[in-house]
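Architecture and fold: a report
Spelled out, the chains give:
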Amino acid sequence: MTSATSTVSPTSGSSRPRARAVSMAQVSYRDIRRKWFNRFMLGTLGVAALVAVLPLISVLYYVFKQGIAGLNLEFFTQLPKPVGETGGGLGNSILGTLTVVMMATVIGLPFGIASGVFLSEFSRSRFTYTLRFCVELLAGIPSIILGIFAYALIVVPMGGFSALAGAVALAIILVPTVAKTTEEVLKLVPDHIREAGLALGLPRWKVILRIVLWGSRAGISTGIMLAIARISGETAPLIFTALNSQYWPHGLLEPVSTLPVQIYTYAIAPFEDWNRLAWTGAMTLVFFVLIANVSMRLILRRKA
Amino acid sequence: MSQSKPIVNPILEARSVDAYFGAFHAVKNVTLSVRPNTVTAMIGPSGCGKSTFLRTLNRMHEEIPGATMKGQVLLAGEDIYARGIDPVQVRRRIGMVFQKPNPFPSLSIYENVVVGLTLAGVKNRSVLDEVVERSLKHAALWNEVKDKLKQPGTSLSGGQQQRLCIARALSVEPPVLLMDEPTSALDPISTAKIEELLVELKKDVTVVVVTHNMQQAARVSDRTAFFLLGEVIEYEESSTLFSVPKDKRTEAYITGRFG
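Small disclaimer: the values here were computed from a predicted structure and weren't measured.

Counting residues in each nonpolar core, the largest one holds 126 residues, and the members touching the most others are A165, V168, L170 and L174 of chain A together with L177, L178 and V207 of chain B. Here the element with the most residues in this core is helix α7 (residues 163-187) of chain A; it accounts for 16 residues. The residues touching L170 of chain A, leaving out its near neighbours within four places in the chain, are V100, V101, A104, I231, E234 and P237 of chain A. Within the second largest apolar cluster, 12 residues are counted, among which are L90, L259, A278 and A282 of chain A.

Shown next as structure tokens:
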């Protein structure tokens, strides 16, 4: 009320309205300065954003440039050749990575999703705070430590390095990532949706499982894909667990070659054709992650 | 509180209901009964506890963290808070429609209507088809959506979404339907449609509706309860309450002097 009055007659006591500038052609120095400042800031933000994605572009470019030379059918189908012989491929590492990552996903996914559901849907209890804190801590633990943990947990008691041990190490990395994204996605579901389900006389577990979780499947799948992409590139935890192998994987309880470990081994080796294989391996890994990411997004976009 | 005609054989009866949010006493010792096949309105200023009271009638109140209640609520003589009574069973019999239309975003119109049945295990397609048609007709939405049942429920307008929610609540055939300000988010035309619907609905269900709109209460309800600061000030036949209110506060409220 008071503000309205004061705009009409700013000089208190006088009831005569004061003339105001109407023409928009009049541009003051301040207007010009503001416009240029605006442009400058927008430009700065644009440059900063560009700098942020520049590493991605240069990594893709460099890995592609170095790796494309070694790309042929042999690379995917052959075992690595001994030193001195040319040719050979990383077929066993590719298969090994697929095996270990798939096992890790199967082991870790139920725990990750269940923890996420618990964190989001039963957030009243004190236990939830503790659990959330633990999940965040677990997500922050360096992966090499988790590798040593899996070593002590599986490798030592079972008496040998194995694909299973590698999968367990990767699963431990997967759990907090999936739990956090599941929690965040489920929290986006408004409470009135849950109330609608409960008011229909549906039991709480059905509301959570069939309405809340099922309705968020798109977001959760994205989280899962990102988690899988992340564990596909993990190297340190596999050195202690899956180790490496020069042969095709022939059992889940045997050491197995994986792309990251093989890249590491071949990249630091003093042989040029091993280095070349490492580059092509790196390219394969990057594209595997990239394709998984992009295709997931495309599928989800079509669904939505 | 005064009652002119005594209510015999009420379908719903609240006895000394108190409701709390933590230490806050939101509903204070409310006792009232509802005749079957009537529309009962609850009016009162914002924050007077009418929505909270409504939510104690189908045990939705307890879903809010920190919310508690005391007292009895009888559905056809049976206490819904008695030991061993599952809130799920209560809510199957006492449905609810909320202030904001809340169709399930991931489901089609068809799926939204029958979700209460499909998730309870009903698979028979012809049964479901029949329920969809009956419920949507009942909610006066059938003619508008019969050709696009596969489209998402959220593609409808606000008023249509609210009628979809009414159809969804009706699909499980509850004898009682609670409505929490069902038209406050809707335009006048949609509101009029839902008001017509309320009068139509009471042939089959007993409706308890919370509303901010006194004209609406006067138009559609048989009885009206006036809430103030968590208490029922007056509960009376609507025709009486809106013409000759007994309490000065009721009169002040319905003549627009506060609230």
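This part is about the sheet that holds strand β1 (residues 12-21) of chain B. In spatial order, the strands read β2-β1-β4-β5 (chain B); together these 4 strands make up an open sheet with antiparallel pairing. Edge positions in the sheet fall to β2 (24-34) and β5 (78-79) of chain B, since each of these pairs with one other strand and no more.

All names here are of chain A. Here chain A is partitioned into domain 1 (30-69) and domain 2 (73-303). Computed over C-alpha atoms only, the centres of domain 1 and domain 2 are separated by 31 Å. Taken together, the contacts link 7 residues of domain 1 with 6 residues of domain 2. Split by residue class, the side of domain 1 that touches domain 2 holds 5 nonpolar, 2 polar and no charged.

We now examine the interface of chain A and chain B. Facing 16 residues of chain A, the contacting portion of chain B comprises 20 residues. For the side of chain A that touches chain B, the elements supplying multiple residues, two or more each, are α8 (191-199) and α9 (204-215) of chain A. Sort the elements by how many residues they give to the side of chain A that touches chain B and α8 of chain A lands first, with 6 residues. Broken down by class, the residue content of the side of chain A that touches chain B amounts to 9 nonpolar, 3 polar and 4 charged.

Rules used in this analysis
- Residues numbered from 1 in each chain as written.
- Chains lettered and ligands numbered in written order.
- Predicted model: local features only at pLDDT ≥ 70, side-chain atom pairs only at ≥ 80, totals over all residues.
- Core = buried A, V, L, I, M, F, W, Y, C linked by C-beta atoms within 7 Å.
- Buried ≥ 20, exposed ≤ 12 C-beta atoms within 10 Å, placed from the backbone.
- Helix = DSSP H or I, 4+ residues; strand = E, 2+ residues; numbered from the N terminus.
- Contact = placed C-beta atoms within 7 Å.
- Pairing = 2+ DSSP bridges.
- Domains from an automatic or database assignment.
- Nonpolar A, V, L, I, M, F, W, Y, C, P; charged D, E, K, R; others polar.

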